[in-house]
Amino acid sequence: NYKDSKAVSKCDLHRLEEGPPEKAELTRDQGLQYYRTMQTIRRMELKADQLYKQKIIRGFCHLYDGQEACAAGIEAGINPTDHLITAYRAHGYTYTRGVSVKEILAELTGRKGGVAKGKGGSMHMYAPCFYGGNGIVGAQVPLGAGIALACQYQGNNQLCVSLYGDGAANQGQLFEAYNMAALWKLPCIFICENNKYGMGTSVERAAASTDYYKRGDYIPGLRVDGMDVLCVREATKFAADHCRSGKGPIVMELQTYRYHGHSMSDPGVSYRTREEIQEVRSKSDPISMLKERMLSHNMASVEEFKEMDVEIRKEVEEAAQFATSDPEPPLDDLCNHIFYNNPPLEVRGTHPWAKLKSLS
């Protein structure tokens, strides 16, 4: 199994003596695995874009393409038994937390076979140790601190990764969560995915300080190149060790970029130029960068990548077939799972005379 150590860009540090290593080791298998993960997320999001434009996906839909190195790198730096909670740009994390493309796309189209049985849609997907996309801006951060409190309480050496964007970074509830987490030394990694725009507002226009990694004030912080999967992985490992060793929370800022608009209703080019997006795509695309690195170090061949791309396209196509043919949940399911473990109870349905039973 061919190994190579690669230089990764240095992180900016806040209240830390030393940071993550500046060299990362990559095995051929890891490289191919990260490539597959990121390329699958990319293809899945492009398919979601297509299904949305065909009006098969309705409602809100926030796509993750461009930011794949964040999800893939974080997942590579923590354990599957650790916990993760994020905002509504959640499809990438739903996939890295172990949900299949088929279940994600079926959830987007509101079908029975979706990961949340078609009831959650784009913004509310869940899996073991994954507490979903959350629709209230910033609300997942205190929830994440609560999950970290549970980890500490249970003494299981697990931690929680709590993600938010630069747009949510100015929310008051973040600072309340920081305070409690620091006070109680909670094993929580607070991660700001800074994709440069909160909806249509650039970071400079929204924040008096754009050094999001310093925003924890008394909490140590790291600023990381969020377009490099190895950089993200090393920084996450470093942050995870920090939390597990009982030092309390840490703040990480991943500098990344989204190719799509804020959501599908935002064309994404009224507040930034097409040239800007093109430049990021050509110079720092997370998928191409990893591929180039591996090719230049003879860790894989062009043919292997092509083969993998064909497999991924096929997987996404089949998932889309399922997501468009699977039935929608029946009306009888409308009120199910209101409570976790109650006996069946009567719930008022869609009109005053409709009696529906709620089953847990």
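Residues numbered from 1 in each chain as written. Predicted model: local features only at pLDDT ≥ 70, side-chain atom pairs only at ≥ 80, totals over all residues. Heavy atoms only, no water.

In the annotation of an unreviewed UniProt entry, the protein chain is listed under the name Pyruvate dehydrogenase E1 component subunit alpha and assigned to Sphaeramia orbicularis. Quoted verbatim from the Subcellular location (unreviewed entry) heading of the UniProt record, the comment on the protein chain is "Mitochondrion matrix". Its UniProt record, at the heading Function (unreviewed entry), says of the protein chain: "The pyruvate dehydrogenase complex catalyzes the overall conversion of pyruvate to acetyl-CoA and CO(2), and thereby links the glycolytic pathway to the tricarboxylic cycle." (UniProt positions renumbered as here; feature names shortened; annotations may be inferred.)

Some points on the packing of aromatic side chains
In total, this model carries six aromatic pairs according to the counting rule given. Ring geometry for F175 against Y178: centres 5.4 Å apart, planes inclined by 80°, an arrangement best described as edge-to-face. In this pair, F175 and Y178 are both assigned in helix α6 (residues 172–183), three residues apart and thus about one turn of the helix distant. Here F175 falls in the partly exposed class, since its relative accessible area comes to 31%. Aromatic pair Y178 and F190: ring centres 5.1 Å apart, planes at 70°, arrangement edge-to-face. Here F190 lies in strand β7 (residues 188–194) and Y178 lies in helix α6, a separation of 12 residues in the sequence. Residue F190 is classed as buried on the basis of its relative accessible area, which comes to 0%. What links up through ring pairs into an aromatic cluster is the set F175, Y178 and F190. The lysine or arginine in question, K102, covers the ring of F322, its NZ or CZ lying 4.5 Å from the ring centre. (Phe/Tyr/Trp six-rings, centres within 6.5 Å; stacked < 30°, edge-to-face > 60°. Helix = DSSP H or I, 4+ residues; strand = E, 2+ residues; numbered from the N terminus. Buried < 20%, exposed > 50% of the residue type's maximum accessible area, 1.4 Å probe, protein only. Lys NZ or Arg CZ within 6 Å of the ring centre and 35° of its normal.)

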